[in-house]
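Chain residues, written in single-letter form:
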Amino acid sequence: MMIADAVDSKVVELLSRITGKKLDARDITPPVLFLAALITVLLGVMFADQRVTEEEKQRWQKTLNRFIPVEGDVRQLAQLLSKGIREQKIYANSDETLTLLMPFSEFEKLLLIGFGYEMSFADGAIAESEKQHLRQLANLAGLKPGYLSVLEAGFTQQSVPDLAVLEEVRSLLDPARFHELDTLFVKAASDLLSTLPPTPEQEIPKSHVTSYDRLKEFQTSRNQLDSLCNQLYEIIRSCSERNFLPSNFVEDVAKISNKLQSQRFRVAVVGEFSQGKSTLLNALLGEEIQPVRAVPCSGVVTTLRYGNKKQVICRYKDGRQEEISVDQYKEKASMSKAAAVEHLSDELANFEIEEIIFERPDLELCKSGVEILDSPGLNENPNRTAITKKLLKDTDAALFLTNASRLLPEKEKDLIQYVRNQLTGNANHLPAENLFVLVNFMDLLDNEEDREDVTQRLEKFIEKENLVASNKNRIHYISAKAALKKQDEYLQSFRDFTQALEQFLTTERGSIEIKQSTDNIKGLIQVRLVKLQQAENFLDGKVTLSEAEIQKVLEQIGEASGREVKIRILWEEVLESVIEKTNKSWDQWVEGLGDRLAEKTEQWSSEHSTIWSRDKLIADYAQQFNKDLTEEQSNWIENQLKKVVLQPALDDLDDEVRKELSAIQAGIEDIDALKDSQSPNWVFYGQGNSVNCDSRFIGNLGLAGLGVALFVPAIILAGPILLGLVAGGLFGTGIGGLLEIDTDIRAKVFEQGCEQFVESLDKTFEKIDEIIGAAFLERLERIDEAVSRAISLYENLLEQQEEVHQKNLEQRQAEKAWIARKRLDLEEVGKQAEATLKLVFDRNHP
C-alpha cells in the first residue's frame with residue numbers, strides 16, 4: 001500500500017477486537033489491512049438491502065478467492081475477519097469503517113469501492129439501498145461523488161455525462177499504480193478498468209494510415225509470457241514461504257517480468273531539418289502530434305509513447321519534471337523562428353529541457369509497444385548531434401529521412417554514413433541492419449523520369465557505401481504528407497514502409513526477445529525443479545546432514561562471506577588505481593591537444609562565402625572544430641583509457657574474482673547434499689543466462705557505457721563565436737582581403753573553441769570518473785549477488801534439515817504431495833512458454 005505506514009494504534013485495536021487475537025503493528029501488513037477493508041465493504045453491500053442472494057454469495061466467494069491462497073494462515077485469518085466484522089457489524093459503524101479505510105491512498109480506496117459495486121451488481125441490478133450504502137462509504141473515503149457515477153455506469157452499461165471524471169477514474173485505476181503491490185492487485189485493477197464505459201476515442205475507431213496488426217500480435221505474445229511470469233512468481237513464492245526454495249529465487253522471476261513489462265521497441269527518426277520528420281511522425285501515428293513548420297523546430301528530444309491518459313511530461317536537465325498542456329508542449333518542443341533562421345545556436349545550448357514525453361492511449365503504433373524518438377536535426381548544432389548520438393546507441397531502428405527534391409547533398413552523405421557508423425558501433429565496412437532510408441516528398445517530383453533518377457542515384461550510393469542490409473526492404477519512397485491526408489497514390493507506399501518496419505521489429509528484434517525471455521523462464525523452471533527434488537529427498541530421508549556436515553555448511557557460509565570482503569577490498573584498490581592512472585593519462589593527452597587541433601584547422605573547408613554567408617561559414621568551421629575534438633577524445637578513450645588503463649586493471653581484477661568465486665563454487669560441490677543436485681553453476685543463475693565465475697560473468701562489464709558520446713561536451717557554439725567575431729571587427733571590406741579574413745575566422749574559431757574546452761575540463765573529467773565508477777559498481781553488485789546466492793543456498797539447506805526433523809510421517813507425506821503438485825505447475829508453465837515461442841516463430845516463418 002502506498003501509505004500503509006499510516007496504520008496506528010486504533011487500527012491495531014480494531015483488528016484485534018475483530019479477530020479476537022492480540023495483534024500488534026507488525027501483524028497488520030498491507031494485504032491483511034486490505035482484506036479487512038474489502039470484507040467490510042462487501043458485507044456492507046450484501047446486507048444493505050436486508051437480504052443475501054445466492055448470486056451475492058457466489059460473488060463473495062469468487063472475490064475473496066482472488067486474494068486468499070488455497071492453503072495457509074490467510075484463509076483462517078479471512079474466516080476470523082469475516083466472522084468478527086459480521087457479528088460486530090463493523091460495516092454499519094461509520095467510525096470503525098473509516099478507521100479501516102483511512103490508511104489507504106485514493107486509488108486503493110477507489111478499487112475497494114469498485115469491488116463494492118461489483119458485489120451490488122451480482123444479481124444483475126443495483127438496489128437503491130446498496131447505492132446509498134456505497135455513497136456513504138465513498139463519502140467516508142473522501143472520494144468524489146462523480147467517481148461513483150462512473151463505476152455505476154460501467155456495470156449498468158450506461159453513458160457517462162462527465163468525460164473529464166471518466167478520465168480521472170481511468171487514471172486512478174491504471175494498473176501501473178498497483179505494480180508495487182502484489183500482482184493480484186494489478187490484475188484486479190485491470191479487470192475493474194475493463195468494466196468502465198469507453199471514452200469517445202475508444203467508441204469511434206480511427207481510420208489510421210496502417211493497422212499494425214503484426215505488432216499487436218507480438219504484444220499479445222509478450223503479455224502472455226508476462227502472465228506466465230506472474231503464475232511462476234506465485235508458485236515460487238509459495239514454495240519459498242515453506243522453505244522449499246531459497247527466498248531470493250522469487251527475485252529472478254520479477255526481473256524477467258519487469259524486463260518484459262518495460263521493454264519497448266525504440267524507433268528514432270533522424271535526419272537534417274526540413275526533411276519532414278514531424279510530418280512522418282504524424283503519418284505514423286495517424287494524426288497531427290508534432291508541430292510542423294518550414295524551419296527547424298524540434299529544439300529537444302521528444303518521446304512519444306503509450307499511456308492510459310493523455311498527458312505531456314517535461315523533463316529538465318536538473319532532474320525536475322512537470323506535466324504540461326499540449327499547447328505548452330508545442331511551444332517547448334520548438335525553437336524560436338528567429339533562432340532557426342539566424343542560426344542562434346546558443347538558444348539551444350541554454351535549453352533547460354532534457355526531454356519531452358508525450359503519452360496517449362489512442363496511438364496505435366505506441367499502444368503496440370513502440371516508443372518513437374523525434375531527434376533534433378543532426379546538422380543544426382554540435383550539442384544536438386551529441387544528443388542524437390546517444391539516442392542511436394539505444395534504438396531498435398533508425399528512420400533516416402532525405403528529401404527527394406534535393407537528394408543527398410555532400411553533407412547529407414556524410415551524415416547518413418555517420419548514422420550507419422553509430423548503429424554498427426563504428427564498423428564502417430558493415431551495413432546497418434536496423435537502418436531504414438526514407439525518401440520523402442516524392443509527391444513533389446513532377447514526372448516519372450525524375451522519380452527514376454532519384455531512385456537510381458540513391459540506390460547506387462547506398463550500394464557503393466554498403467549502408468543498409470541488402471535485400472531486406474530497407475529503402476522506401478514516400479510522401480508522409482500525402483499519406484497523412486490518405487491520398488491513395490502514396491498511401492500504399494507508406495503502408496509498404498510500415499509493414500517492412502513491423503516485419504523487422506517483430507521478426508528480427510522481437511523474436512529474439514521472446515526467445516530470450518522464454519529461455520530465461522525455462523531456465524528458472526529447471527533450476528527450481530531440481531531444488532524441489534532436493535526438498536523432496538529431505539522429506540524422504542534420502543538426504544540428511546550429520547552434525548559434522550552442518551558444521552561444514554556453517555563454515556562455508558563464513559568462508560563465502562570472508563571471500564566477499566576480500567573481493568571488496570581488492571575492488572576498491574583497483575578502482576583507486578584506475579582513477580589515478582586515468583588522471584595522469586588525461587593530463588598527458590590534454591598537454592599536446594592544442595597543437596594537434598591547430599594542425600587540423602588547415603584542412604577545414606566550407607561551401608560558404610566570407611562575404612555572402614559569413615555566419616554560416618563560422619558555424620561550419622565551429623562544427624569542424626567540434627568534430628576534430630570529438631575524434632581526439634574518442635581516440636584517447638579507445639586507445640588509452642580502455643586499452644592502456646582500464647583493460648589491464650580489469651583483467652587482473654577478473655582473475656582474482658574468478659579465483660574467489662571458484663573457491664566458493666568448490667565449497668558448494670564439497671557438500672554431499674548439493675553435489676548431486678545439478679552443476680553448481682546454477683547457484684549463480686541470473687537474468688539472461690546461467691552466470692557463474694567464468695568469462696561470461698565477467699565479460700566486458702567494466703567497459704560498459706564508455707562511449708565517447710556520453711561525455712563529449714558541447715564545445716563550440718556558433719552563436720557566441722559569430723558575435724565575438726563581429727564585435728572584434730575582424731572583417732575587412734575589400735575582396736582582396738578574403739584569404740586573410742578566412743584565416744582570421746579559422747583562428748578565432750580555434751581560439752574560442754579552445755577557451756570553451758578549457759572551461760569544460762573539470763566537468764568533463766568528473767563525468768569520466770562517474771562513468772568508470774558506475775561500471776565498477778555494477779560489477780561489484782553482480783559479485784555480491786553471486787555470493788549472496790551461495791549463502792542463501794546454504795541457509796536454505798539448514799532450514800530444510802531443521803524443519804524435516806520437526807515433522808511427523810503424515811506431515812512429510814502431505815508436503816511431498818504438495819511439492820509434486822507444484823512441480824507439475826512449473827512444468828505446465830514451461831510448456832505454455834514453449835507454446836508461445838512456437839506461435840511467434842510460426843507467425844514469423846509461415
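Computed from a predicted model, the values in this text were never measured in an experiment.

Colleague: Which parts of the structure should I look at to understand the environment of Asn65?
Modeller: As for its position among the elements, Asn65 is in helix 3 (residues 54-65). Put simply, Asn65 and Arg75 are ten residues apart on the chain and 9.1 Å apart in space, counted from C-alpha to C-alpha.

Colleague: Please explain the pattern of salt bridges as it appears in this structure.
Modeller: Between side chains of opposite charge, a pair can form when the charged atoms approach closely. A complete count under the given rule lists 38 salt bridges for this structure. With its nearest N and O atoms 3.4 Å apart, the salt bridge here joins Arg451 to Glu448. One end of the pair is Arg451 and the other is Glu448, both in helix 21 (residues 448-465) and three residues apart, which spans about a single turn. Under the relative-accessibility criterion, Glu448 is labelled partly exposed at 46%. In this structure, a network of salt bridges that share partners links the residues Asp252, Lys255, Arg528, Glu785 and Arg789.

Colleague: Could you clarify how one ought to interpret the environment of Ala189 in this entry?
Modeller: Here Ala189 is to be found in helix 10 (residues 183-195). Among the residues examined, Ala189 registers a relative accessible area of 0% and is labelled buried. In the structure, Ala189 is positioned 75 residues away from Gly114 in sequence and 9.1 Å away in space, judged by C-alpha atoms.

Colleague: Would you explain the pairing of strand 6 (residues 370-374) in this entry?
Modeller: Remember that side chains alternate between the two faces of the sheet whenever the strand is regular. Within strand 6, five of the five residues are buried, which leaves the element mostly enclosed by the surrounding structure. Both faces of strand 6 are covered, namely the face carrying Val370, Ile372 and Asp374 and the face carrying Glu371 and Leu373. Pairing of strand 1 (residues 265-270) with strand 6, which is carried by five bridges, proceeds in the parallel orientation. Paired with Arg266 across the bridge in strand 6 is Glu371.

Colleague: Got a minute to help me understand the sheet that holds strand 4 (residues 321-324) in this structure?
Modeller: With respect to topology, nine strands assemble into an open sheet ordered 4-3-5-2-6-1-7-8-9, the strand pairing being mixed. Strand pairing shows two members of the sheet lacking a second neighbour, strand 4 and strand 9 (475-477), which therefore form its edges. Taken pair by pair, the neighbouring strands of this sheet meet at an average axis angle of 20°, ignoring direction. Two elements, strand 2 (residues 301-306) and strand 6, share three bridges in a ladder whose sense is antiparallel. Considered in strand 6, the bridge of Leu304 is made with Ile372. Here helix 21 sits on the sheet and contacts strand 8 (435-440) and strand 9; the angle it forms with strand 9, its principal contact strand, is near 165°.

Colleague: Whenever I open this one, the confidence of the model for the protein chain confuses me. Can you help?
Modeller: Do not read the predicted coordinates in detail wherever pLDDT is low. Averaged over every residue, the pLDDT of the protein chain is 77; residues scoring 70 or more account for 80%. Considering only residues more than four positions removed or in separate chains, one finds that residues 1-5, a stretch of pLDDT under 50, has 16 contacts. In the model, residues 336-350 has pLDDT below 50 throughout and makes 29 contacts with residues more than four positions away in sequence or in other chains.

Colleague: I'm lost on the packing of aromatic side chains in this one. Help?
Modeller: This structure, assessed with the given rule, holds 15 aromatic pairs. Through a chain of ring-to-ring contacts, three or more aromatic side chains come together here, namely Trp586, Trp589, Trp636 and Phe757. One Lys or Arg, Arg222, reaches over the ring of Phe265 and ends 5.5 Å from the middle of that ring. The ring of Phe249 carries Arg528 above its face, with NZ or CZ at 4.0 Å from the centroid.

Colleague: Sorry if this is basic, but what is going on with the packing of helix 2 (residues 30-46) against helix 6 (residues 106-120) here?
Modeller: Geometry of a packed helix pair, given as the angle between the helix axes and the separation of the axes. Two elements in contact, helix 2 and helix 6, have axes whose closest approach is 9 Å; the angle formed by their N-to-C orientations is 35°. Every pair of crossing elements has a handedness; the one defined by helix 2 and helix 6 is right-handed. Side by side, helix 2 and helix 6 meet where Phe34, Ala37, Leu38, Val41, Leu42, Val45 and Met46 of the first sit next to Glu108, Leu111, Leu112, Phe115, Gly116, Met119 and Ser120 of the second. When the residues that make up the contact of helix 2 with helix 6 are grouped by side-chain class, the tally is eleven nonpolar, two polar and one charged.

Reading guide: rules and limits
- Residues numbered from 1 in each chain as written.
- Predicted model: local features only at pLDDT ≥ 70, side-chain atom pairs only at ≥ 80, totals over all residues.
- Heavy atoms only, no water.
- Helix = DSSP H or I, 4+ residues; strand = E, 2+ residues; numbered from the N terminus.
- Salt bridge = Lys/Arg side-chain N within 4 Å of Asp/Glu carboxyl O.
- Buried < 20%, exposed > 50% of the residue type's maximum accessible area, 1.4 Å probe, protein only.
- Pairing = 2+ DSSP bridges.
- Axes fitted to C-alpha atoms, helices over the stretch in contact; angles between N-to-C directions.
- Contact = heavy atoms within 4.5 Å.
- pLDDT = per-residue confidence, 0-100.
- Phe/Tyr/Trp six-rings, centres within 6.5 Å; stacked < 30°, edge-to-face > 60°.
- Lys NZ or Arg CZ within 6 Å of the ring centre and 35° of its normal.
- Left-handed = near helix turned anticlockwise from the far one by under 90°.
- Nonpolar A, V, L, I, M, F, W, Y, C, P; charged D, E, K, R; others polar.

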